[in-house]
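# Descriptive structure summary
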Amino acid sequence: MQVVKTKNQLRTILDAERSKGCSVGLVPTMGALHRGHISLVERCVQENDFSVCSVFVNPTQFNDKDDLIKYPRRPEKDAEVLQKAGCSLLFMPDEQEMYPEKDTRLFYFGPLEEVMEGVYRKGHFNGVAQIVSKLFEAVQPGKAYFGQKDFQQLLIVRKMVEQLNMKVQIVSCPIVREESGLAMSSRNELLTAEQKRKAALISKYLFESLTFVSKKRPAEIKEFVVNGVNAEPMLRLDYFEIVNGTTLQSIQEWTDSACVVGCIAVYCGSVRLIDNIVYKNAD
Ligand code: PAF
């Protein structure tokens, strides 16, 4: 696996690969890689001749300075696991390389960004769009891989690709969970053992709620999950919304949309976790 830090080095290598007719796939990450990331890399390796993984903790998408400082970083370990997963190239730029000057671009994704994470993390998706568009420009991948855990991000990135008329195909990959059910996240490693046990309740309530779908209305499911999480003193709910999986707007009845997803954000101690569950799938 090659490891490069600059866009120039990256371009030279990718130009050579493309001239041989190789397809290029990209997995954008912020590092501290876990099995969820590796599942994206493995899929990328399977579907492309040349797989790039980027590791960059993007400052512009953090609305909370503390969160940025605390965000786990372990580049050597990341390189090791990527090599094992068959990744062809690790792109590890620094901030100067990605933001030689302040990025003042403002994106607008309409109603998609006016709910959930968009409300609780002001500016977050603008930062995500800034870095993802820069990475797409630098790598020019045919396909790029994103996890369904960040469900709203996935839809925003698809919208951005449409708005910027980019050619990349966005591939969404299933959530990978720990044995306890807790959705894999780099932030999980900031949790104590006790917090991890409590954090597993988030997915427990989501999965339990799935079993009531045929008997209860969305509002009742919402109440069940919200009450369950609120009953646990170590957890603090930001939101749980049952939404149309295409527009991200709340639904009242199951018949309101062909695709329905329950999206949740919860603090466990000072660590913010998100998860979701598909109640109804259009596919
Ligand atoms: O999902 C993430 O890890 C980040 O938001 C991404 C897509 C790598 C952009 O920094």
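Before reading further, recall that the structure is shown in the block above.
Here goes a summary of the coordinates provided. The model shown is predicted, which means the values in this text are computed figures rather than measured ones.

### Describing empty space enclosed by the protein
- Counting across every chain of the model gives 1 cavity of 30 Å³ or more.
- Approximately 50 Å³ is the volume found for the largest cavity.
- In terms of lining, the largest cavity is formed by Leu182, Ala183, Ser185, Asn188, Ile202, Leu273, Ile274 and Asp275.
- Of the residues forming the lining of the largest cavity, the biggest block, 3 residues, is contributed by strand E9 (residues 271–280).
- Residue composition of the lining of the largest cavity, by class: 5 nonpolar, 2 polar and 1 charged.

### As for the environment of Gln148
- Topologically, Gln148 is positioned in the loop between strand E5 (143–147) and helix H8 (151–163).
- For the pair Gln148 and Val171, spaced 23 residues apart in sequence, the C-alpha to C-alpha distance is 9.6 Å.
- The contact partners of Gln148, leaving out residues within four places of it in the chain, are Leu154, Ser172, Cys173, Pro174, Ile175 and Asn276.

### Some points on the site of the ligand
- As a matter of local geometry, the ligand sits amid Pro28, Thr29, Met30, Asn58, Gln61, Ile131, Phe146 and Gln153.
- Within the side chain of Gln153, one N or O atom sits 2.7 Å away from an oxygen atom of the ligand.
- For the ligand, whose accessible area on its own is 290 Å², the fraction buried by protein is 89%.
- Each residue belonging to the shell around the ligand can be placed in one class, and the counts come to 4 nonpolar, 4 polar and no charged.

### Structural notes on the pairing of E9
- Across the 10 residues of E9, 8 count as buried, placing the element largely inside the fold.
- Inspection of the sheet shows strand E8 (residues 260–268) paired to E9 by 9 bridges, in the antiparallel sense. Bridge pairing links Gly262 to Ile277 in E9.

The rules behind these values
- Residues numbered from 1 in each chain as written.
- Predicted model: local features only at pLDDT ≥ 70, side-chain atom pairs only at ≥ 80, totals over all residues.
- Heavy atoms only, no water.
- 1 Å grid on protein atoms, 1.4 Å probe; cavity = no way out; pocket = protein on both sides within 12 Å on 5 of 7 lines; lining within 4 Å.
- Points joined across faces, edges and corners; volume = space filled by probe spheres on them.
- Helix = DSSP H or I, 4+ residues; strand = E, 2+ residues; numbered from the N terminus.
- Nonpolar A, V, L, I, M, F, W, Y, C, P; charged D, E, K, R; others polar.
- Contact = heavy atoms within 4.5 Å.
- Near = heavy atom within 4 Å.
- Polar contact = N/O pair within 3.5 Å; in protein donor to acceptor, adjacent residues only side chain to side chain.
- Areas by Shrake-Rupley, 256 points an atom, 1.4 Å probe, with all protein chains shown as cover.
- Buried < 20%, exposed > 50% of the residue type's maximum accessible area, 1.4 Å probe, protein only.
- Pairing = 2+ DSSP bridges.

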